[in-house]
Amino acid sequence: MSTPSLALADSATMLRRNLLHVKRYPSMTFGILVMPVVLMLVFTFVFGGALEKSSGGNYIDYLTPGMMLMLPAYLTVSVAVSITTDKTKGIVNRFRTMAISQSSMLAGQVVGALIQALIGVVLMVAVALLVGFRPNANPVEWLAVFGLIGLVMFAFSWLGVAIGLVAPTPEAASNMPFPLVMLPFLGSGLVATDTMPVGMRQFAEYQPFTPLTETLRGLLMGTEIGANGILSIAWCAGLGLVGYVWSMSRFRKQVA
């Protein structure tokens, strides 16, 4: 087999290992996938009546696209903790002695998180439909929605890998991504940015989750996307590249 084929096979093996961990220790993954759904229900039934004016219509229709982006943010924590756990328990050193692609462990984590994110999105959409979410997207637009979620998850997974390689303990790894987890709340996911104070509005408009949310909202609900689609792809490409380069650089230093 060629070197790329071996690397692909090793990454598939690491992906199976990652999915087995999910099966054997489902509590953390279950919590990460369910928590965004719970938050969506809380905002809908507790705050939805008060926030409906800012959304210009049925609040669950406005809220769901933004809450879908909570899944990549929460799963970044899971990736970081998994990487740090492997590092501190000596699993990385054990893999160093084996004839495998050294980066396959990282690739397996990223693809595993991507699969979990897509499952989480399906769960969230199903619950949202049950409580009144009524998108008007066609099949192509639904494919674009899942494609964008996958792109976001891919980019944020590499950031999670980088954080996991830097963090000294799993506890530190669970806390370091906190700013990423908060960003969806500080964009247009919950309320329109024009209802915010000036400084907060400027921050919301220029952080990555606002164009991502507006792109998903446009695909699902038919609102104007404008330049948000291009900005979303640019943010994902930039963050993914930073995370990948940082991860590989740090990983090579640790296995050298």
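For clarity, every value in this text was computed on a predicted model and none was experimentally measured. (Residues numbered from 1 in each chain as written. Predicted model: local features only at pLDDT ≥ 70, side-chain atom pairs only at ≥ 80, totals over all residues. Heavy atoms only, no water.)

**Re the overall build of the protein**
Next up, step 1: Secondary structure assignment for the protein yields twelve helices and zero strands.
Next up, step 2: Ordering the α and β elements of the protein from the N terminus gives α-α-α-α-α-α-α-α-α-α-α-α.
Next up, step 3: Expressed as a percentage of the 256 residues in the protein, the buried residues total 49%.
Next up, step 4: Summarising the internal contacts of the protein: among those between residues at least 6 apart in sequence, 80% fall at separations of at least 24. (Helix = DSSP H or I, 4+ residues; strand = E, 2+ residues; numbered from the N terminus. Buried < 20%, exposed > 50% of the residue type's maximum accessible area, 1.4 Å probe, protein only. Contact = heavy atoms within 4.5 Å.)

**Topic: the nonpolar core**
Next up, step 1: Ranked by size, the top nonpolar core spans 64 residues in total, and within it Met-40, Met-67, Met-68, Leu-106, Phe-156 and Val-161 carry the most contacts.
Next up, step 2: Taken together, the elements giving at least two residues each to this core come down to helix H2 (26-55), helix H3 (59-68), helix H4 (70-88), helix H6 (104-130), helix H7 (139-166), helix H9 (178-182), helix H11 (209-221) and helix H12 (228-255).
Next up, step 3: Among the elements that make up this core, the one with the highest residue count is H7 (twelve residues).
Next up, step 4: Excluding its chain neighbours within four sequence positions, the residues that come into contact with Met-40 are Ile-60, Leu-63, Thr-64, Met-67, Met-124, Val-127 and Ala-128. (Core = buried A, V, L, I, M, F, W, Y, C linked by side-chain atoms within 4.5 Å.)

**Details of the packing of H3 against H6**
Next up, step 1: The N-to-C vectors of H3 and H6 enclose an angle of 170°; their axes lie 10 Å apart at closest approach. Judged by the angle between their axes, H3 and H6 are roughly antiparallel. The segment H3 lies against H6, with Ile-60, Thr-64, Met-67 and Met-68 engaging Val-121, Met-124, Val-125 and Ala-128.
Next up, step 2: Grouping the amino acids of the contact of H3 with H6 by side-chain chemistry returns seven nonpolar, one polar and no charged. (Axes fitted to C-alpha atoms, helices over the stretch in contact; angles between N-to-C directions. Parallel < 35°, antiparallel > 145°, perpendicular 65-115°, else oblique. Nonpolar A, V, L, I, M, F, W, Y, C, P; charged D, E, K, R; others polar.)

**Quick notes on H7**
In an α-helix, one turn spans 3.6 residues; hence positions three or four apart end up facing the same way.
Next up, step 1: Between its first and last C-alpha atoms H7 spans 41 Å; for 28 residues at 1.5 Å apiece the expected length is 40 Å, and the two agree.
Next up, step 2: For H7, the N-terminal capping position is held by Asn-138, with its side-chain oxygen 3.1 Å away from the main-chain nitrogen of Val-140. (Expected span 1.5 Å × (residues − 1). Polar contact = N/O pair within 3.5 Å; in protein donor to acceptor, adjacent residues only side chain to side chain.)

**Quick word on H11**
Next up, step 1: Counted at 1.5 Å a residue, the expected span for H11 with its 13 residues is 18 Å, and the 17 Å between its end C-alpha atoms agrees.
Next up, step 2: The buried fraction of H11 is high, at 13 of 13 residues.
Next up, step 3: Of the residues trailing H11, Gly-222 is marked for its positive phi of about 80°.

**Overview of the packing of H3 against H4**
When two helices pack together, their arrangement is captured by the angle between the axes and the distance separating the axes.
Next up, step 1: As a packed pair, H3 and H4 sit with axes 4 Å apart at the nearest point and diverge in direction by 25°. Taken together, the axes of H3 and H4 are roughly parallel relative to one another. The segment H3 lies against H4, with Gly-66, Met-67 and Met-68 engaging Met-70, Leu-71 and Pro-72.
Next up, step 2: Class assignment of the residues belonging to the contact of H3 with H4 gives a composition of five nonpolar, one polar and no charged.

**Details of the confidence of the model for the protein**
Next up, step 1: Averaged over every residue, the pLDDT of the protein is 82; residues scoring 70 or more account for 80%.
Next up, step 2: Taking the mean pLDDT of every element in the protein, the minimum, 63, falls on helix H1 (residues 3-24) and the maximum, 94, on H11. (pLDDT = per-residue confidence, 0-100.)

**Re the side chain of Arg-217**
Next up, step 1: Relative to the helices and strands, Arg-217 is located in helix H11.
Next up, step 2: Engagement of the side chain of Arg-217 in a polar contact is seen with the backbone oxygen of Tyr-62, the distance being 2.7 Å.
Next up, step 3: If sequence neighbours within four positions are ignored, Arg-217 has contacts with Tyr-62, Pro-65, Gly-66, Ser-188, Gly-189, Gly-222 and Thr-223.

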